Amino acid sequence: MTGLSRRRRLAAVAVIALAAAAGSACSSSGDDPTGGAPYLVWDPYPQFADDSEWVALLKKCGTSAGVTVERTGYDTTDLTNKALLAAQQGNSPDVLIVDNPVISTLAEAGALTTTDDNKLDVSAMEPNLLGAGQSEGKTYGVPIGANTLALYYNRDLLTAAGVDPATIKDWTSLTVALTKVKTAGKKGITFSAIGTEEGSFQFLPWFWGSGAQLTSLDSPQAVSALTLWTDWVKQGHAPNSVINNTQTTSWQEFATGNYAFAENGTWQLANAEKLGFSYGIIAIPASAGGPAPAPTGGEFVSIPVQENTGRYETSQKLVACLTSADNLLTTDTTLSYVAPVAAVQERQAAADPKLKVWVEAVRAAKGRTGDNLGTKYPKISESLWTAVQAALSGGKSPHEALTAAQAAAATR
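Just so it is clear, the model here is predicted, and its values are computed rather than measured.

## Quick look at the layout of surface pockets
Taken as a whole, the largest pocket holds about 1400 Å³ of empty space. If you trace the largest pocket, you find 42 residues lining it, with Thr-76, Asp-99, Pro-101, Val-102 and Glu-197 closest to the centre. Those elements that provide at least two residues to the lining of the largest pocket are helix 1 (3-18), helix 3 (76-89), helix 4 (102-108), helix 9 (197-209), helix 11 (247-255) and helix 17 (377-392). The biggest single contributor to the lining of the largest pocket is helix 17, with six residues. Taken together, the residues of the lining of the largest pocket sort by class into 15 nonpolar, 19 polar and eight charged.

Structure follows, in structure tokens:
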């Protein structure tokens, strides 16, 4: 790609993504690639202050590489916009840590170097997690960790209803358990089906667990997944509130102690310890049994394109430091993530047996932009959550809703 065509491409993507965004990022270029300008790191962790362990690790990696690191934390959406604008203006940070679905957008814009270019070693990374950062056969970063979804359950409610969670292996056995809970006078399952990416994120384990593919939203398998959710609401196993629930409000419903199950993620582990009842966790079952592929959350550490290519060598040292086994263990424990390396996953599970089910869930998970969907995924996701909303509200049958979704996805 020529410099001119790349600039045009970056400008087009940035205009679409940023709309009215204004301002410019600070330049990270310098004449001396290692001893001049500080190395800029942008991340989506604004919750971590300058005195946090995360920032201490960044600075430690900078010291090890012989440079000064300047870090800025943004919220996820703001970070994406600023990264695109900075790439357009030619003043990207040296290291960029972004939510994994954003990688394909930045890669298409020509904003990121590949691991072939920057010599980052990703050989130890689990392939299903690495896939979220790949597009057209190229890898654009290193996963720093992953979270995903599973089913939390209220042990007391299941015991009272005569349900052994170990017997829940597939959709049929889960629905039987929900029926027993309802018969015992309690509520079944709560989840998030809101009309946003959160709704798609929560539906995907059931969608993929049916055997459906995102390239065919109206397949019989996809219809069976949406029918499962719709039937649960009709039969009173799931509340009508799911249509407006975020993952936070869904968790709040579960925390009342009135629900047997809640679909939620690793990020609720700390809150789970504060529940006023005994809880457990099982993998979301696939239709025919076994764990369903759940979508991966989590970030990738990448090296943006720089005009001063002499900075890449030090940037590579910074990323290698951040994603080394010992540092991954510390960081992923802090973020409630499962590590992207099998050996570190084993260390996590050994240190905290409650993480075993999450390690298993992450190993079965897949990236939302996988299957080479790349920047097509947001369009598909919007069509999918629209279909879920239409079916759960009773506006359309699952088949009608997904037929319309497939048609919409093809034209977006």
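Moving on from the model shown.
## Re the state of the cysteines
Applying the stated criterion across every chain yields a total of one disulfide. Between Cys-61 and Cys-321 runs a disulfide, and the two sulfur atoms are separated by 2.0 Å. Residues Cys-61 and Cys-321 share a disulfide whose torsion about the S-S bond is about -75°; that sign makes it left-handed. Highlighted residues: Cys-61 in helix 2 (residues 53-65) and Cys-321 in helix 13 (residues 312-322), separated in sequence by 260 residues.

## Side note on helix 10 (residues 220-234)
End to end, helix 10 covers 20 Å across 15 residues, agreeing with the expected 21 Å (1.5 Å per residue, within 8%). At its buried positions, helix 10 is contacted by helix 8 (171-183), strand 8 (187-190), helix 9, strand 9 (259-265), helix 17 and helix 18 (398-411). Positive phi appears at Gly-236, one or two residues downstream of helix 10, with a value of about 80°.

## A short note on empty space enclosed by the protein
Across all of its chains, the model carries three cavities of 30 Å³ or more by this definition. Its boundaries defined by the atoms lining it, the largest cavity holds a volume of some 50 Å³. Lining of the largest cavity is provided by Phe-48, Glu-53, Trp-54, Leu-57, Thr-330, Thr-331, Thr-334 and Leu-335. Among the elements that take part in the lining of the largest cavity, helix 14 (residues 325-335) stands out by supplying four residues, more than any other. The residue makeup of the lining of the largest cavity, split by class, is four nonpolar, three polar and one charged. Approximately 50 Å³ is the volume attributed to the second largest cavity. If you trace the second largest cavity, you find it lined by Asn-100, Leu-129, Ala-132, Pro-143, Gly-145, Ala-146, Thr-296, Gly-297, Gly-298, Glu-299 and Phe-300. Here the residues of the lining of the second largest cavity are counted per class, giving five nonpolar, five polar and one charged.

## Some details on the packing of aromatic side chains
In total, this model carries 15 aromatic pairs according to the counting rule given. Ring geometry for Tyr-152 against Tyr-279: centres 6.2 Å apart, planes inclined by 40°, an arrangement best described as tilted. Here the residue Tyr-152 occupies a position in strand 7 (residues 149-154), and Tyr-279 occupies one in strand 10 (residues 279-282), the gap between them amounting to 127 residues. One exposure class covers both Tyr-152 and Tyr-279, and it is buried. Plain terms: the ring middles of Trp-206 and Trp-232 are 5.4 Å apart, the flat faces sit at 85° to each other, and that makes the pair edge-to-face. Taken as a pair, Trp-206 in helix 9 and Trp-232 in helix 10 lie far apart in primary sequence, 26 residues in all. Judged by relative accessible area, Trp-206 falls into the buried class, the value being 0%.

## Let's talk about the side chain of Thr-115
Within the element layout of this structure, Thr-115 appears in helix 5 (residues 115-118). Beyond its immediate chain neighbours, meaning those up to four positions away, Thr-115 contacts Leu-120, Val-122, Thr-139 and Gly-141.

## Topic: the environment of Ser-219
As for its placement among the helices and strands, Ser-219 is situated in the loop between helix 9 and helix 10. C-alpha separation for the pair Ser-219 and Thr-190, spaced 29 residues apart in sequence, amounts to 25 Å.

## Some thoughts on the pairing of strand 3 (residues 95-99)
In terms of burial, strand 3 is a largely internal element, five of the five residues being buried. Across two bridges, strand 1 (residues 39-43) lies against strand 3 in parallel orientation. Among the inter-strand pairings, Val-41 is bridged to a residue of strand 3, identified as Val-95.

## Thoughts on the sheet that holds strand 11 (residues 299-302)
The five strands lie next to each other as 2-1-3-11-6, forming an open sheet whose pairing is mixed. Here the strands that pair on one side only, and so sit at the sheet edges, are strand 2 (69-73) and strand 6 (142-143).

## Re the sheet that holds strand 7
Picture the strands of a sheet paired through backbone hydrogen bonds; they go either parallel or antiparallel. Pairing is mixed across the open sheet formed by four strands, whose spatial order is 8-9-7-10. What marks the edges here is a single partner per strand, and that holds for strand 8 and strand 10. Averaged over all pairs of adjacent strands, the angle between strand axes in this sheet comes to 20°, irrespective of strand direction.

## Examining the pattern of salt bridges
A side chain of one charge can pair with a side chain of the opposite charge when the charged atoms of the two come close. For the coordinates displayed, the defined rule picks out six salt bridges. Ionic pairing is found between Arg-368 and Glu-197, a salt bridge with its closest N-O pair at 3.1 Å. Within this pair, whereas Arg-368 is found in the loop between helix 16 (356-364) and helix 17, its partner Glu-197 is found in helix 9, the two being separated by 171 residues in sequence. The class for Arg-368 is buried, based on a relative accessible area of 6%. Judged by its relative accessible area of 25%, Glu-197 falls in the partly exposed class. Across the salt bridge formed by Asp-326 and Arg-347, the nearest N and O atoms sit 3.3 Å from each other.

Calculation notes
Residues numbered from 1 in each chain as written. Predicted model: local features only at pLDDT ≥ 70, side-chain atom pairs only at ≥ 80, totals over all residues. Heavy atoms only, no water. 1 Å grid on protein atoms, 1.4 Å probe; cavity = no way out; pocket = protein on both sides within 12 Å on 5 of 7 lines; lining within 4 Å. Points joined across faces, edges and corners; volume = space filled by probe spheres on them. Helix = DSSP H or I, 4+ residues; strand = E, 2+ residues; numbered from the N terminus. Nonpolar A, V, L, I, M, F, W, Y, C, P; charged D, E, K, R; others polar. Disulfide = S-S within 2.5 Å. Expected span 1.5 Å × (residues − 1). Contact = heavy atoms within 4.5 Å. Phe/Tyr/Trp six-rings, centres within 6.5 Å; stacked < 30°, edge-to-face > 60°. Buried < 20%, exposed > 50% of the residue type's maximum accessible area, 1.4 Å probe, protein only. Pairing = 2+ DSSP bridges. Axes fitted to C-alpha atoms, helices over the stretch in contact; angles between N-to-C directions. Salt bridge = Lys/Arg side-chain N within 4 Å of Asp/Glu carboxyl O.

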